[in-house]
Amino acid sequence: MKAVLFDMFGVIARVQSSRSKAVLERTAGGDRDRFWAAYWSERPAYDRGEVTGPGYWQAVFARLGAPLDARLAEELTAADLASWSEVDPNAVELLGRLADRGHVLGLLSNIPEDLAVHYEASHPWLARFTVRGLSCRIGSAKPEPAAYAWCVRELGLAPEEILFVDDRAENVHAAERLGLRGHVFTSVERLRDLLETA
């Protein structure tokens, strides 16, 4: 193993909490289940950079059949950014330790441009990554093969020399089908143990 390719959300950053999801639901109004169905249905285009934040929320509200003005779109964008902004300090510490030991680090994240800009402005530890495969900028998202292929090419390594770490099994299996080694993330401790024996 010559490089570790990390997922962001669910590994380094935490997924949306119940409290942050409730803020989004209150801001959007209407039926909660219908909101989340529309939110996730329209998310792939947003993650791949095919639409901007306002365009994403327009698509969500069109699916809901509800009106949306510019102010509400801004409030939803702010609530959405906040919902994805909590970082696990133990994971960040592990990144620093790996980088200090000379490990090559890569990042492959399904992330819209608004959130990418927010992270780049707020988190200097992103500089630890030699390669940053942000879906909004590479035009493909996990588990699409092109997303992994982009990272492999940029890392300049054979797939089997790269360990891919993600909390979603389907994303790990997609990487393994392309020849990468895979680890389904459950905790920083388990990942640390794996890397110490790799």
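All of these numbers come straight from a predicted model, not from anything done at the bench. (Residues numbered from 1 in each chain as written. Predicted model: local features only at pLDDT ≥ 70, side-chain atom pairs only at ≥ 80, totals over all residues. Heavy atoms only, no water.)

1. So, the packing of helix 2 (residues 32-41) against helix 4 (residues 53-64)
Next up, step 1: Relative to each other, helix 2 and helix 4 sit at 135°, their axes nearing to 9 Å. Taken together, the axes of helix 2 and helix 4 lie oblique to each other. Crossing handedness for the pair helix 2 and helix 4: right-handed. Of helix 4, the residues touching helix 2 (which contributes Arg34, Phe35, Ala38, Tyr39 and Ser41) are Tyr56, Trp57, Val60, Arg63 and Leu64. (Axes fitted to C-alpha atoms, helices over the stretch in contact; angles between N-to-C directions. Helix = DSSP H or I, 4+ residues; strand = E, 2+ residues; numbered from the N terminus. Parallel < 35°, antiparallel > 145°, perpendicular 65-115°, else oblique. Left-handed = near helix turned anticlockwise from the far one by under 90°. Contact = heavy atoms within 4.5 Å.)

2. Side note on the environment of Val4
Next up, step 1: As for its placement among the helices and strands, Val4 is situated in strand 1 (residues 3-6).
Next up, step 2: In this structure Val4 comes out as buried when scored by relative accessible area, which is 0%.
Next up, step 3: As a C-alpha pair, Val4 and Leu98 span 94 residues in sequence and 9.1 Å in three-dimensional space.
Next up, step 4: Sequence-distant contacts of Val4, defined by excluding residues within four places in its chain, comprise Val104, Leu105, Gly106, Leu163, Val165 and Leu195. (Buried < 20%, exposed > 50% of the residue type's maximum accessible area, 1.4 Å probe, protein only.)

3. Considering the nonpolar core
Next up, step 1: Phe6, Ile12 and Trp57 are the most contacted members of the largest nonpolar core, which totals 48 residues.
Next up, step 2: When near neighbours in sequence (up to four residues on either side) are disregarded, Ile12 contacts Phe6, Asp7, Val87, Asp88, Ala91, Val92, Leu95, Leu107, Trp125 and Phe129.
Next up, step 3: Counting residues in hydrophobic clusters, the runner-up holds 16 residues, among them Val131, Cys151, Leu155 and Val172. (Core = buried A, V, L, I, M, F, W, Y, C linked by side-chain atoms within 4.5 Å.)

4. Quick word on the pairing of strand 2 (residues 104-109)
Next up, step 1: Buried residues dominate strand 2, accounting for 5 of its 6 residues.
Next up, step 2: As defined by bridge partners, strand 1 adjoins strand 2 across 4 bridges and the pair is classed as parallel. Bridging across to strand 2, Ala3 finds its partner in Val104.
Next up, step 3: Pairing geometry for strand 2 and strand 3 (residues 131-134), over 4 bridges, is parallel. Pairing of Leu108 across the sheet is with Gly133, part of strand 3.
Next up, step 4: Traced from strand 2 through helix 7 (residues 113-122) to strand 3, the parallel crossover comes out right-handed. (Pairing = 2+ DSSP bridges. Right-handed = clockwise from strand over helix to strand, strands pointing away.)

5. With respect to the packing of aromatic side chains
The geometry of two aromatic rings is summed up by the distance between their centres and the angle between their planes.
Next up, step 1: Following the criterion strictly, the structure yields 15 aromatic pairs and no others.
Next up, step 2: Where Phe9 meets Trp84, the ring centres are 5.3 Å apart and the plane angle is 65°; that geometry is what we call edge-to-face. In this pair, Phe9 is assigned in the loop between strand 1 and helix 1 (18-28) and Trp84 in the loop between helix 5 (70-83) and helix 6 (89-100), connecting sequence segments 75 residues apart.
Next up, step 3: Note on Trp40 and Trp84: the rings are 6.2 Å apart at their centroids and 85° apart in plane angle, and the pair reads as edge-to-face. Of this pair, Trp40 sits in helix 2 while Trp84 sits in the loop between helix 5 and helix 6, and the two are 44 residues apart along the sequence. (Phe/Tyr/Trp six-rings, centres within 6.5 Å; stacked < 30°, edge-to-face > 60°.)

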